[in-house]
Amino acid sequence: MASDSRKIIIIAAPSGSGKTSITRFLLQKYPALSLSISAATRKPRGEEKDGVHYHFISEEDFKHKIEENAFVEWEMVYEGSYYGTLKAELERIWNLGKTPILDIDVKGAIHLQDQFPNRCLSIFIEPPSVAELKKRLESRGTETPESLANRVNKASYELSFKNHFHKNILNDDLERACSETEQVIKEFLGW
Ligand code: 5GP
């Protein structure tokens, strides 16, 4: 496969913006897209499984992989928790003839698109407001008061980077946001 046919789709958004729902919709509809499974040092939540949602690894292993240059990008997304995209994971997906979709944080997304300017599509999913985002995170019931505050603060910060992305999609209506994201991706991949 020619190297420039190896495209990357990045979907970034503050936590609670609906990017996971949008990503799930795309993956169900298009088998030629494949979710890039990141490495992460946080503990699995609820039903999460190792190798499916993340490669859950220790901080020691994560740091070792940084030294080995195994990541295309990595960030300490939340205090004490590292997340990173493995080169081997992108290779695995490209070797299947598929296009990886990366659900990563805003800083990681910006680093990555700087590295692959010609074959990256970066999409920023914008929540209707920070207040709405807080409501969504509360109703998800997975956050402690501290982690909720952490995510809400980070969301405001991340929103200030939205203009660094190729496309911004407002998620005030999930169905419409899914269909707009789908159109943008189809155009990018020439489908
Ligand atoms: P969560 O802990 O809710 O699963 O994810 C927290 C945040 O980490 C989300 O915004 C998610 O997009 C981001 N994230 C997941 N994997 C990666 C990664 O490989 N790199 C970066 N930079 N962020 C990631």
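Every chain begins its residue count from 1, and numbering advances along the sequence as written. Restriction of local features to residues with pLDDT of at least 70 applies here, the model being predicted, together with a cutoff of 80 or more for giving and counting side-chain atom pairs; totals for whole chains, interfaces and linings are based on all residues. By convention in this description, side-chain values take in all heavy atoms of the structure and omit both hydrogens and water.

## Quick look at the overall build of the protein
If you tally the helices and strands in the protein, you get 7 helices and 9 strands. Both definitions apply: the radius of gyration is a C-alpha atom measure, and the globule rule equals 2.2 Å times residues to the power 0.38. Against the compact-globule benchmark of 16 Å for 191 residues, the protein has a radius of gyration of 16 Å, which places it among compact chains. A principal-axis box enclosing the C-alpha atoms of the protein has dimensions of 50 × 40 × 30 Å. Partly exposed describes any residue whose relative accessible area lies between the buried limit of under 20% and the exposed limit of over 50%, with all areas from a 1.4 Å probe on protein chains only and scaled to the type maximum. Here the protein holds 191 residues, and the buried ones make up 47% of them. Nonlocal contacts in the protein, meaning residues at least 24 apart in sequence, comprise 69% of its contacts between residues at least 6 apart. When the accessible area of the protein is evaluated, it comes to approximately 10,000 Å², of which 49% is carbon and sulfur surface. In this count, Lys and Arg are taken as positive residues and Asp and Glu as negative ones, while His and the chain termini are left out. A charge is said to be at NZ when it belongs to Lys, at CZ for Arg, at CG for Asp and at CD for Glu. Taking the average place of the 26 positive charges on the side chains of the protein and the average place of its 29 negative ones, the gap between the two points comes to 3 Å. Working definition: helices are DSSP H or I runs of at least four residues, strands are E runs of at least two. Numbering for both runs from the N terminus. Only heavy atoms enter the contact rule, under which two residues are in contact if any of them lie within 4.5 Å. For the accessible areas, the method is Shrake-Rupley and the probe is 1.4 Å, while residue cover comes only from the protein chains on display.

## Remarks on the pattern of salt bridges
Pairs may arise between side chains of opposite charge once their charged atoms sit close together. By convention in these notes, a salt bridge is any Lys or Arg side-chain nitrogen within 4 Å of a carboxyl oxygen on Asp or Glu. Evaluation of the coordinates by the stated rule reveals 16 salt bridges. Ionic pairing is found between glutamate 91 and arginine 6, a salt bridge with its closest N-O pair at 2.8 Å. Separated by 85 residues along the polypeptide, glutamate 91 in helix 3 (residues 87–95) and arginine 6 in the segment before strand 1 (8–12) bring together distant segments of the chain. Notably, a salt bridge pairs glutamate 126 with lysine 162, separated by 3.0 Å at the nearest N-O pair. Of this pair, glutamate 126 sits in strand 8 (residues 120–126) while lysine 162 sits in the loop between helix 6 (145–159) and strand 9 (167–170), placing them 36 residues apart in sequence. Judged by its relative accessible area of 17%, glutamate 126 falls in the buried class. A single salt-bridge network, built from bridges that share partners, covers Asp105, Lys154 and Glu158.

## A few points about the site of the ligand
Any residue with a non-hydrogen atom lying within 4 Å of a molecule or strand is treated as near it. Among the 17 residues in the neighbourhood of the ligand, the closest are listed as Lys19, Ser38, Tyr54, Glu73 and Tyr83. Polar contact criterion, stated in full: a pair of N or O atoms within 3.5 Å, where within protein one must be able to donate a hydrogen and the other to accept it, and residues adjacent in sequence count only if both atoms are side-chain atoms. Here an oxygen atom of the ligand sits 2.5 Å away from a polar atom, N or O, in the side chain of tyrosine 83. Between the ligand and aspartate 103, the relevant distance is 2.8 Å, taken from an oxygen atom to a side-chain nitrogen or oxygen of the residue. For the ligand, whose unbound accessible area comes to 510 Å², protein coverage reaches 94%. If you list the elements that add at least two residues to the shell around the ligand, you get strand 5 (71–78) and strand 6 (81–86). When residues in the shell around the ligand are grouped by element, the largest group, 4 residues, is from strand 5. Of the residues contributing to the shell around the ligand, the split by class is 5 nonpolar, 4 polar and 8 charged. Note that Gly is not counted as nonpolar here; it falls among the polar residues with everything else outside the nonpolar set of Ala, Val, Leu, Ile, Met, Phe, Trp, Tyr, Cys and Pro and the charged set of Asp, Glu, Lys and Arg.

## What about the sheet that holds strand 7 (residues 99–103)?
Reading across from one edge, 2-7-1-8-9 is the order of the 5 strands in this open sheet, with parallel pairing throughout. This sheet does not close on itself; its edge strands, each paired only once, are strand 2 (33–35) and strand 9. Taking each pair of neighbouring strands and ignoring which way they run, the sheet shows an average axis angle of 25°. Angles run from 0 to 180 degrees between N-to-C directions of axes, and those axes are lines fitted to C-alpha atoms, restricted for helices to the stretch in contact. On the sheet, helix 7 (residues 174–189) packs against strand 1, strand 2, strand 7, strand 8 and strand 9 and is oriented at approximately 170° with respect to strand 8. At least two DSSP bridges between two strands are required for those strands to pair.

All quantities given are derived from atomic positions and should not be read as evidence of function.
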